[in-house]
Amino acid sequence: TELLALWCATVRIEGFNEVSAHDWCVALYRLELEAWEHVDDETIASVVHKISGAAHKWYRAGGSWYKIFRLVDTDASDRLGFQEFFDIIRRPLPCLAVTEKQ
């Protein structure tokens, strides 16, 4: 019931109780985010710092991840999905090769 309540609060229903494809995708994305563990700002800053450090180490691209994003935008959509982002971080070169221990 909590999931249904969250769903109803998230989805924008238009017209005859219909949901557009866009609103459906946005609602699913918001539900997915709600399921994530909440992390404090300090931890997020630490993770961003580690990713930026790896980008600088391998590509001299610290602070600007554009070069890395372009390398792994496998579907050439100019958008990066979660799996593509995860692959950038974990996979070996040409990606960043950041291990889980780091």
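If you're wondering where the values come from, they're calculated on a predicted model, not measured in any experiment.

## Here we look at helix H5 (residues 82–90)
Burial in H5 covers these residues: Glu 84, Ile 88 and Ile 89. Projected down its long axis, H5 shows its buried positions confined to an angular sector of 140°, all on one face. Tucked inside the fold, the buried residues of H5 contact helix H3 (41–59) and helix H4 (66–72).

## A closer look at unusual backbone geometry
Here the phi dihedral of Ala 97 falls at roughly 55°; this positive angle occurs in a residue that is not glycine. Position of Ala 97 among the secondary structure elements: in the segment after H5. Taking the relative accessible area as the measure of exposure, Ala 97 reaches 29% and is therefore partly exposed.

## Regarding the confidence of the model for the protein
Overall, the prediction assigns the protein a mean pLDDT of 78, with 84% of residues at 70 or greater. Per-element confidence in the protein ranges from a low mean pLDDT of 67 for helix H1 (residues 2–10) to a high of 87 for H3.

## What about the nonpolar core?
Proteins that are soluble and globular tend to have nonpolar side chains buried together. Ile 51, Ala 54, Ala 55, Ala 61, Ile 68, Val 72, Ile 88, Ile 89, Cys 95, Leu 96 and Val 98 form the largest nonpolar core, which has eleven residues in total. Every element with two or more residues in this core is listed here: H3, H4 and H5. Among the elements that take part in this core, H3 stands out by supplying three residues, more than any other. Among all residues touching Cys 95, those that are not within four sequence positions of it are Trp 58, Tyr 59, Val 72, Asp 87 and Ile 88.

Cut-offs applied
- Residue positions within a chain follow its written sequence, with the count starting from 1.
- Totals for whole chains, interfaces and linings use every residue, but because this is a predicted model, local features are given only for residues with pLDDT of at least 70 and side-chain atom pairs only at 80 or more, for both listing and counting.
- Excluded from the side-chain calculation are hydrogens and water; included are all heavy atoms of the structure.
- The rule is simple: take the accessible area with a 1.4 Å probe, protein chains only, and divide by the maximum for that residue type; under 20% is buried, over 50% is exposed, in between is partly exposed.
- Each helix is a run of DSSP H or I of at least 4 residues and each strand a run of E of at least 2, with the numbering of both proceeding from the N terminus.
- Throughout, the arc means that of the directions going from the helix axis to the C-beta atoms.
- We call two residues in contact when some of their heavy atoms are within 4.5 Å.
- Confidence of the predictor at the level of single residues is captured by pLDDT, which takes values from 0 to 100.
- As used here, the term nonpolar core means buried Ala, Val, Leu, Ile, Met, Phe, Trp, Tyr and Cys residues forming a set that is joined through side-chain atoms within 4.5 Å.

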